[in-house]
Every structure is written in C-alpha cells, then in structure tokens.
Amino acid sequence: MSAIRRYLVLIVIANCGLLNAVDRIDLSGNWSVALDRKDVGVAEEWFAGALPGGASLMLPGSLQSQGYGDKPSMATEWVGGIRYDEWEKSKYDPYKSDENFKIPFWLQPDRTYMGAAWYQKTVVIPESWAGKRVVLSLERAHWGTQLWLNDAYVGERESLSVAHEYDLSRLVVPGQHTLTLRVDNRILYEVGINAHSVSDHTQTNWNGVIGGIEVWAESPIWIEDLQAYPDLSENELEVVVDLKSIGFEDEKGELYVELVGSGSVLASEVRETKGHVDRLAVSLALPEEVALWDEFNPELYTVRTVYRTSQGKSERSARIGLREIRVEGNRILVNGNQVSLRGTLECAIFPKTGYPSTDVEEWKRIIRICKEHGLNHMRFHSWCPPKAAFEAADELGFYLQVECGAWANQGATIGDGNPVDRWLYDEAERILEAYGNHPSFIMLGYGNEPSGPGRGGDFLKSWISHFRAMDTRRLFTGGAGWPKNLESHYHVTGDDVRDHNWGSGLGSRINSKKPDTLWDFSDGVEAETDHPLVAHETGQWCVYPNFDEIEKYDGLLKAKNFEVFQDLLRNKGLLNQAEAFLQASGKLQVLCYKEDIEASLRTPNLGGFQLLDLHDFPGQGTAPVGVLDPFWDPKGYVTAEEYSRFCGPTVPLARLPSRTYTDSETLRGRVDLYHFGESDLLGEIVTWTLQDQSGRVFREGSFEASDYRRGGVHQVGGFEMELNDLPAPMKYILDVQLRDARVGNDWDLWVYPSNVDTEPKDILVSNSLNPEVQSFLKSGGSVLLSLDPRDVATEVDLGFSPIYWNTAWTERQAPHTLGILCDPDHPALAEFPTEFHSNWQWSDIIRSAAAMQLERLPADVDPIVQVVPDWFEPEMLAIAFEVKVGTGKLLVTSFDLSGDLDGRPVEQQFLKSLFGYMTSGEFEPKASLSWDALWNLVTTP
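Residues numbered from 1 in each chain as written. Predicted model: local features only at pLDDT ≥ 70, side-chain atom pairs only at ≥ 80, totals over all residues. Heavy atoms only, no water.

- Per an unreviewed UniProt entry, the chain is named beta-galactosidase, and its organism is Pelagicoccus mobilis.
- UniProt's Sequence similarities (unreviewed entry) comment on the chain is quoted here verbatim: "Belongs to the glycosyl hydrolase 2 family."
- Recorded in UniProt under Catalytic activity (unreviewed entry), the annotation for the chain is "Hydrolysis of terminal non-reducing beta-D-galactose residues in beta-D-galactosides." (UniProt positions renumbered as here; feature names shortened; annotations may be inferred.)

So this is what it looks like as structure tokens:
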C-alpha cells in the first residue's frame, strides 16, 4: 500500500452488494404510518404494537408526496432562509391567506411536515436464515432513523448520504417479526438551513425512505467491505477486504479474488486464513491490455471476491474502473493527462418528487444532457447524491465533486466545537466507504461557503489533512467558494477566475467595459502555482420565468412562485409579452454564458469552471439561471448543439480587440484552440470565414496544418482583414472551423460606415426639457430629446448583462433588468442592424443609458426599444420611445446623442437611423402626452 499511496489512485467498486438473490427480502410496498406531531411515540412505546391511526403509504417514498402533512401557510416552519424585507411588501398580501397561500421564493410543496414519523411493516424470516447474519438496509432516509424489532430497540443512524444499515442478527430468529422505524426530518446537526441536503429551497425537507428497502442474510463470517487500489507503475491491483464475524474467532477461511473483463477472468488469487482476521489484502497482476477509465473511455471491469468458511460463504462483486488522479502544480491530471473541468452544479432539484432520484437511468438521462452541452463534470452543492448517480457517471465517463451536506453559514458555523464538527468527520468517512471506489468520484469537499473561525478555515485545515492521509484516491478541498486552505489539493474560488461576483453590480467587466475577447483569468491562475483553481459558480445569469412551464409541475412541487410572478405581470398589463421577455432575455443569457465560458477556456492551466447553472435553480428567491428548466428540458432559445460550440472538449477561440468596427479599420485577431479531447490532433487545418447572416462569405483564410496536443490551450495563428469594401452597416459572423475534428465556433461582429451624416435636418436635438423644445413642439416640429441618463428619474439600474441570481435574494443588487426587446423591422431601426434582443453592439449604448419608467407617464406609450424588467418588479421600461406633444412629435432616448460622437460609431449609426425615421412619413407617434407630463421622466433640478 505504501507505493500506492504515493499516487492518488482509484479503482471503482460500483455495486458492492451481496449476490445471493435468494437471501434478500424486498420490503418495498405498503407500510403503516403515523405522524408523531407531539413527539410522544417513544414515551408511549408505539413500537410495542400497531401504530395509531391505521394509516398507510408506499415505501420507497416520502410522507409529503403521498398527501401526509399540512398545507403550506404562514404558519409553516420552512427550512431555508427567507428575505423578509421582500416578503413583507404589500404586493404579496393576496398570497398569505390559507386559501391562496403562495410563497414566491421557491417551488411550493402540496404538503409539509417537520418532525417524527413512524413506519411499520411485518417481515417473515425464513428458516434457512437461522444462524446467519441478518441486515436491514434503508437507502436514503431523511434524516435520522431509529429502529425497533418487535419491541426491542436496535439502534439509530444519522447519515444524509449513505444507506442506514441495521444488524438484526442478535435479535432475529426465523418467523414473523415487526419492524418499526422512526424517521425524524428535523435539523439534527447545524449544517445550515440553506444546505441543499436539507433545505426547502430545492429538494424539500422530506420525511421517509426513498431508495431500496430490504433485509438480507449472509454467512455469520462475512466480507464487510471491499476496496481495490491499483498501482499503475507496478501494474498491480491490490484488493482489500474487511472481514467480520459473529463469534467463530478461530474459524479458518479461504478468500478468492478475481478480475473479470469481457467475460474472461483476467487475474485471480487465493488467500487462506488460519483464524479470523479483520483485513486481508491480495495483489493481482494487471494484464497489459487493461484499459484505464476516463471521460472518453469509461471502461469498467468486475472484481469478484468470495470468502468461504465452514459456516458458508460471503460474496461481494462489483464493477470497477481504473484511473489515477493527481495534482501537478496548478494542473489536474487524470491518468497523466491534464484535464479541464467544464462543470455545472446540481443542487438536489427534483420537482416531480421533492427528493432525489435513486434510479440509474434517470441519472444517465441527466448526465447525457450535460455531456450534450459539452460538460464533463458536476458539483453536488452541499449534498451527496445517491449511489445511482455514481453508477451512471461511472458508465458514461463523468467527473463528480461530492460534498458532505453542509453550507454552514447564515447562522451556522464550523470550528466552534459544535456537534456538527464531529458529524462532518463521520459523514465524510461514511461517504468515502460507501462511494469512495467509484472512478467518477474524483473530488470531495466539506460543502459550501462556510462560516466560523478563519471563515471555516481553521477547522477545515485539519479536516482536509485527515482525509488526505486516510484516502489517497481523490482530491480534497475545504469549502467551495472559500477558504483557500493550503492543505487543499485544489481551490474552488471566485477570486480572479470569475468576472461577475456577489456585489459586483454594474462594476463587472461585462457591465462596465467595451466588449472584446482578449481577456482571460491568467493573472489569477499564474499567481497560484501550487493549487489548481476551479471557478466557483460561474454565471448566475437569469432569464425571465417561463410561465408555460407551470403545467409541468404535476408532482409534489408546484410553481406557485411562477403564478405570483405571472399575476404581477398581468397586473401591469404586460402578460402578453411574457414569451417575448423569455426569448429576448434568453438570448442575452446565452451570450453572457458564452462570454464567461470562453474566457475560462482561453485561460491556460485553469482547472475548470462550475456553472450556476446549466438548469434553473428554483429556490433562494427563484433563480432561473439555466438555459434548461428544472426538469433539464430546453426553453427554446438555444440548443445543445449550439451551446456545445463554445463549451466542449475542443473549442476554437477568437481573440478580438473589439466587437464593433468601422469600414476604415483593419480587423486583426488571433485564433486559439482549447483542446482537452481524447487524443492529439495531428495535421489539423483550421479555417476561418467572415460571412453575413445569410451565409455569404466576404473574407476567408486558413492556417497551416499543425499538431495540437491534448491538454492545453494552443495559439493557432493571427489573421487580419481590411474592412473598407464591406457593406456597412452590417452584422457579420466570424466562423472558425477545424477541418478534420469537425468542430467550430463563431462570434458576432458589426461593421459601420466611418463617415456618417448625423446633421439633423428640420429636427431639434436637445438633451433636456427646456423652453426651446417646448416652443418647437408647439409649432408642430419634430424633436429628438436625448436625455443625459443622469437626469432620468428612475429606480431601476440598467445593465448590459441580465440580472445576477435574483434581486430578492441579493437585496436589489444591480442590474435590475434583462436586456432589451425591440422589433428589428421598426422603421426607426432600419439603418441600425439588430435582432429583437440584446447583442454586443448594444453594449456601448446600454452602458451609457438609463431605464425610463414609462409608468411615470399618464398615457400608454409603446417603446421603440423596450427593456425587459425584473420579474419581481415588472413594469414598462424603455430606452427609446415616441409620443405626440400637442401638434409636435417627440422621440425620447435615455442616452445622450447630442454631443460629440466621434469615435462612437455605434451611437453615430443609431442616431442616423433615428434621423432617417424622424424625417420620413412613417414618424407618426400614436400616443399623446402633455408638456407637463414629460417632466415626470426627469429628476427635479
């Protein structure tokens, strides 16, 4: 073992169950049930007879999903933080009655219950089990369990992550017995009320047992545990078994171990014992032809162990996969190859049931969807998934970061000597024993963003050191987000490897700087030479809620939050725009995720990123941050194929100094290649084209055939092109393709004329309401009122990006908007190329604009360029609209176009397009306002 422990090496034991099917009794089905609301069941000895009430339900399952518990109300004791400053607003008053209770901050269960519940079932133990070890296994109970056999107390268990197993051997005899189980879903340890292992924000605080429930028998001398460790340098596999017995201390035995692949025995050994031993280790020579496990080749074998004694045999068999993982400087290596993690979070979001799936096929579905979107990794935020997730990831080749069920913050801490400290050690040990041999399980952390001495770091440095010494098969970190313990193998951090963070507001790069694709996170990565950095919760870009999704919630959880938001939008007369809001904000959301992901991919030696999220997070105020909904279904504005162009194992990357150019400029750029694919690319030719939206090619080129090694970011080459003969204004697409690898990526660019006539003709241009404007309008003239955004009376912070997370949970962090919405065919935009949604050419305009609140005006005004509002505060917003004022015609913008526009080709072109419209016969505003009403738009001097 000493040689093995020089490496972080793993071999999976994917199905460590006993094989003797005849020695198992499936207990799934009908169970008696009783709610112990007053917590009197133990004192009244409910275990000594039939449970009171005569009720029943099906297990596996939860109480709440089968109609037990209380309807949610203002009296409900939720597990999870609530922003009371938001909840106490009067607009939510209609949703606080018992008859119409709707909480806007997460999906709402039909029933809630917190406390003890009792479950009971009879089981007949066959005569053939006499003298054998008998075990009851409860997969995924929530949270603490206590068990009685007949009226005898068996014990208690408290894991959130692994099966609760009870040894019944000393109490059971053949015949009929009553099993009485008490399940308590109260918070047993202060893991944090927002931890996804327990919180109502996502999986709900359910009560029950949701996985396999069975009682099984085996030899009274048995294999308790089986672990296998490969030494790849020595081409050996060491199989370690822990043995236990009930008596029989002097019993001789024989352990048989074999490795099976493709139906053939590849290696085998026999080891004899002269008396009982606690542990046996057997080394197998690995054949040269064995394949290693990784994301591209998830090769699995079978390890079979049989221990024979005069008392019978104990048998364990499992699929296995060979892989090595280690850290070298700031790089993560799997089987000696550098890997780059492209991950998403999974926060226990299961809206049909309110609890996680224990079905392998369902987890395969989820993982396949992730892989279709170019991902190879999943972080389980503050929870550990069931074994089915590990098995699915093993089969499909997917890397997992697992956590111990804690988010010790918002009132909870670690390192203060509370019982949770000990529990975190125990839970990690349980997780490692139960799932530690899965090849997909490459990372383990305590949980999320801790509080406590040293921001949790004082406690975690010892926790990390303990488990690094105990288990060398994977990488360990402390908390996701923070702290950066030196003892960690790697850091999950937002520092210097993410653009927009909590509190960034309008100061993040995407909201404050001219767009380019030159930037990356190299400074942060190069400053950390001893720990790989994985970007923490990248993105968090929101989209407007999809109200068509409401009907999909036909299980325990209902989208009452969406119903509230739908009502708020309806009350403002904007419900007919809900789909347009979704699609426009969705296009912007994809653009922002593309920007974040590509910046990560451009960064050499970045360990990877973990998105928040590929799919929506329905809690913590409601955070629709995914391009997929909580069911992992698309929303209609981007496909997996489109997404995987900028997120995948091999992605071309363009480094461009700008997104907008004039036809007098030369466009110079560079193509890089992010390549973390299965093998080296040899003799690969990279080509590029500049084309319009119809596919017409205006420029093209290619680079010499080159070799690109797997595991790095390569410079392919530079390019340049003169733009002087290109049609302008025009949107163009720079498309880069790999000829043989058949992958590509693209970027939107805009070319504008360098000479634009922006002299007003019979139009008065002003940046303020003044007597001259009033007089001009009275005379029937046309006025462009181009307001200085600082003069706009607004409570809405406009940003280029969409809302970060959601404004209820962030306490109104900016921006408060979700991009623009317009009609590209509106005549005012005829000479300004645009889609119906935000794109990069709008960045310069939006960064110098304000969101005008049209509710301040007495008339219904249709914007020319609308702003998609916050779903918590829906209203009609605009950055450009038109009205009649008396006999005059007025076009208002909330960005100043009245000054010097030299060097601002986007604004110049926009102004020219407005002038063209205002001097045409099509400029006929429908809405009318008085002069006095206009003053509601501006701040009082």
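Moving on from the coordinates now.
## A closer look at the overall build of the chain
Link 1 in the chain: Helices and strands together make up the secondary structure of the chain, namely 14 helices and 52 strands.
Link 2 in the chain: Computed over its C-alpha atoms, the radius of gyration of the chain comes to 32 Å, within 12% of the 30 Å expected for a compact globule of 941 residues.
Link 3 in the chain: The C-alpha extent of the chain, read off along each of the three principal axes, is 110 × 70 × 45 Å.
Link 4 in the chain: For the chain, the proportion of its 941 residues judged to be buried stands at 63%.
Link 5 in the chain: Of the contacts made within the chain by residues no fewer than 6 positions apart, 74% connect residues no fewer than 24 positions apart.
Link 6 in the chain: Working note: accessible area of the chain is about 33500 Å², and carbon and sulfur atoms make up 45% of it. (Helix = DSSP H or I, 4+ residues; strand = E, 2+ residues; numbered from the N terminus. Rg over C-alpha atoms; globule rule 2.2 N^0.38 Å. Buried < 20%, exposed > 50% of the residue type's maximum accessible area, 1.4 Å probe, protein only. Contact = heavy atoms within 4.5 Å. Areas by Shrake-Rupley, 256 points an atom, 1.4 Å probe, with all protein chains shown as cover.)

## Considering the pairing of strand β47 (residues 782–786)
Link 1 in the chain: By the criterion of burial, β47 is predominantly enclosed, with five of the five residues buried.
Link 2 in the chain: The side-chain alternation of β47 yields two buried faces, one formed by Ser782, Leu784 and Ser786 and the other by Val783 and Leu785.
Link 3 in the chain: As a crossover connection, the stretch from strand β46 (residues 763–766) through helix α11 (residues 771–778) into β47 is right-handed. (Right-handed = clockwise from strand over helix to strand, strands pointing away.)

## Section: α11
An α-helical turn contains 3.6 residues, so any two residues separated by three or four positions project in the same direction.
Link 1 in the chain: Two to three positions downstream of the cap, the backbone nitrogen of Glu772 sits 3.1 Å from a side-chain oxygen, assigning the N-cap of α11 to Asn770.
Link 2 in the chain: Looking at the residues trailing α11, positive phi occurs at Gly780, about 90°. (Polar contact = N/O pair within 3.5 Å; in protein donor to acceptor, adjacent residues only side chain to side chain.)

## Focus on the pairing of strand β8 (residues 133–138)
Link 1 in the chain: Counting buried residues along β8, six of its six residues qualify, which places the element largely inside the surrounding structure.
Link 2 in the chain: The side-chain alternation of β8 yields two buried faces, one formed by Arg133, Val135 and Ser137 and the other by Val134, Leu136 and Leu138.
Link 3 in the chain: Pairing analysis gives six bridges linking β8 to strand β15 (residues 213–218), with the strands arranged antiparallel. Looking at β15, one finds that Val134 is bridged to Ala217.
Link 4 in the chain: Relative to strand β12 (residues 164–167), β8 is paired through four bridges, and the arrangement is antiparallel. Counted as the bridge partner of Leu136 is Tyr166 from β12. (Pairing = 2+ DSSP bridges.)

## What about the pattern of salt bridges?
Link 1 in the chain: A complete count under the given rule lists 65 salt bridges for this structure.
Link 2 in the chain: Taking the shortest distance from any N to any O, the salt bridge between Glu427 and Arg430 comes out at 2.7 Å. Linking Glu427 with Arg430, this pair stays in helix α4 (residues 419–435), spanning three residues, or about one helical turn.
Link 3 in the chain: Here Arg790 makes a salt bridge to Asp788, at a shortest N to O gap of 2.7 Å.
Link 4 in the chain: Look at Asp788 and you get buried, because its relative accessible area is 14%.
Link 5 in the chain: Via salt bridges that share partners, Asp39, Arg182, Asp184 and Arg186 belong to a single interconnected network. (Salt bridge = Lys/Arg side-chain N within 4 Å of Asp/Glu carboxyl O.)

## Here we look at the side chain of Asn335
Link 1 in the chain: Examined against the element boundaries, Asn335 turns out to sit in the loop between β24 (331–334) and β25 (337–339).
Link 2 in the chain: A polar atom in the side chain of Asn335 sits 3.0 Å from the backbone oxygen of Trp293.
Link 3 in the chain: Here Asn335 is in contact with Leu292, Trp293, Asp294, Arg323 and Glu324, once residues within four sequence places are set aside.

## Re the packing of aromatic side chains
The geometry of an aromatic ring pair is captured by the separation of the ring centres together with the interplanar angle, meaning the angle of the planes.
Link 1 in the chain: Overall, the coordinates contain 46 aromatic pairs when judged by the stated rule.
Link 2 in the chain: Ring centres of Phe47 and Trp148 lie 4.8 Å apart, and the angle between their planes is 5°; on these two criteria the pair is classed as stacked. Residue Phe47 is found in the loop between β3 (29–36) and β4 (55–59), and its partner Trp148 is found in strand β10 (residues 144–149); the two are separated by 101 residues along the sequence. For the pair shown, Phe47 and Trp148 are each scored as buried.
Link 3 in the chain: On the numbers, 6.5 Å between centres and 50° between planes, the contact of Phe562 with Phe565 is tilted. (Phe/Tyr/Trp six-rings, centres within 6.5 Å; stacked < 30°, edge-to-face > 60°.)

## What about the UniProt feature "domain: Glycoside hydrolase family 2 catalytic" (unreviewed entry) in the chain?
Link 1 in the chain: According to UniProt, the feature "domain: Glycoside hydrolase family 2 catalytic" (unreviewed entry) maps to residues 325–476 in the numbering used here.
Link 2 in the chain: Along residues 325–476, the helical share is 36% and the strand share 26%, with 11 Å between the first and last C-alpha atoms.

## What about the packing of helix α2 (residues 360–372) against helix α3 (residues 387–396)?
Link 1 in the chain: Relative orientation of the contacting elements α2 and α3 amounts to 50°, with a least axis distance of 8 Å. For the element pair α2 / α3, the angle class is oblique. Considering how the two elements wind past one another, α2 and α3 form a crossing that is right-handed. The segment α2 lies against α3, with Val360, Trp363, Lys364, Ile367, Arg368 and Lys371 engaging Ala388, Ala389, Glu391, Ala392, Ala393, Glu395 and Leu396. (Axes fitted to C-alpha atoms, helices over the stretch in contact; angles between N-to-C directions. Parallel < 35°, antiparallel > 145°, perpendicular 65-115°, else oblique. Left-handed = near helix turned anticlockwise from the far one by under 90°.)

## A short note on the environment of Asp797
Link 1 in the chain: By the element assignment, Asp797 lies in the loop between β47 and β48 (820–822).
Link 2 in the chain: A relative accessible area of 35% means that Asp797 is categorised as partly exposed.
Link 3 in the chain: Taking the C-alpha atoms as reference points, Asp797 and Ala849, 52 residues apart in sequence, are found 9.7 Å from one another.
Link 4 in the chain: In this structure, Asp797 is in contact with Leu506, Ala814, Pro815, His816 and Thr817, ignoring residues within four places of it in sequence.

## Concerning the sheet that holds β3
Link 1 in the chain: Here six strands make up an open sheet; going across it, the order is β4-β3-β7-β13-β10-β11 and the pairing antiparallel. The sheet is open, and its two edges are formed by β4 and β11 (152–157), each paired on a single side. Averaged over all pairs of adjacent strands, the angle between strand axes in this sheet comes to 30°, irrespective of strand direction.
Link 2 in the chain: Two elements, β3 and β4, share five bridges in a ladder whose sense is antiparallel. Bridged to Gly29 within β4 is Leu59.

## Some remarks on the sheet that holds β12
Each strand in a sheet pairs with another by means of backbone hydrogen bonds, the pair being arranged parallel or else antiparallel.
Link 1 in the chain: Strand order in the open sheet formed by four strands is β2-β15-β8-β12, and the pairing between neighbours is antiparallel. The open sheet has two free edges, formed respectively by β2 (24–26) and β12, since each of these has just one partner strand. For this sheet, the mean angle separating the axes of adjacent strands, direction not counted, is 20°.

## Overview of the environment of Gly415
Link 1 in the chain: Mapped onto the fold, Gly415 is located in the loop between β28 (399–406) and α4.
Link 2 in the chain: Residue classification places Gly415 among the partly exposed residues on the basis of a relative accessible area of 31%.
Link 3 in the chain: Considering only alpha carbons, one finds Gly415 and Pro450, 35 residues apart in sequence, at a separation of 9.8 Å.
Link 4 in the chain: When near neighbours in sequence (up to four residues on either side) are disregarded, Gly415 contacts Asp421, Pro453 and Phe459.

## A look at the packing of α4 against helix α5 (residues 457–470)
Link 1 in the chain: One way to put it is that α4 packs onto α5 with a least axis distance of 11 Å and a crossing angle of 25°. The angle between α4 and α5 falls in the class roughly parallel. Considering only the axes of α4 and α5, their crossing is right-handed. Residue-level inspection shows Asp421, Leu424, Tyr425, Ala428, Glu429 and Leu432 of α4 in contact with α5, the latter providing Phe459, Ser462, Trp463, His466, Phe467 and Met470.
Link 2 in the chain: Looking at the contact of α4 with α5 residue by residue, the classes come out as eight nonpolar, two polar and two charged. (Nonpolar A, V, L, I, M, F, W, Y, C, P; charged D, E, K, R; others polar.)

## Overview of the side chain of Asp629
Link 1 in the chain: Position of Asp629 among the secondary structure elements: in the loop between β35 (608–612) and α10 (640–643).
Link 2 in the chain: Overall, the relative accessible area of 3% leaves Asp629 in the buried class.
Link 3 in the chain: In terms of polar contacts, Asp629 uses its side chain to reach the side chain of Lys552, at 2.6 Å.
Link 4 in the chain: The contacts of Asp629, once residues within four sequence positions are left out, are Glu549, Lys552, His615, Asp616 and Lys635.

## Section: unusual backbone geometry
Among all residues save glycine, negative phi is the norm, and among peptide bonds the norm is trans.
Link 1 in the chain: The step from His142 to Trp143 runs through a cis peptide bond, and the omega angle for that step is -5°.
Link 2 in the chain: Tracing the backbone through its elements, the reader meets Trp143 in the loop between β9 (141–142) and β10.
Link 3 in the chain: Cis geometry marks the peptide bond from Trp482 to Pro483, where omega comes out at -5°.
Link 4 in the chain: Along the chain, Pro483 turns up in the loop between β31 (479–480) and β32 (491–493).
Link 5 in the chain: Despite not being glycine, Asp39 has its phi angle at roughly 60°, a positive value.
Link 6 in the chain: Among the secondary structure elements, Asp39 is positioned in the loop between β3 and β4.
Link 7 in the chain: For Thr622, which is not a glycine, the phi torsion comes out positive at approximately 85°.
Link 8 in the chain: Position of Thr622 among the secondary structure elements: in the loop between β35 and α10.

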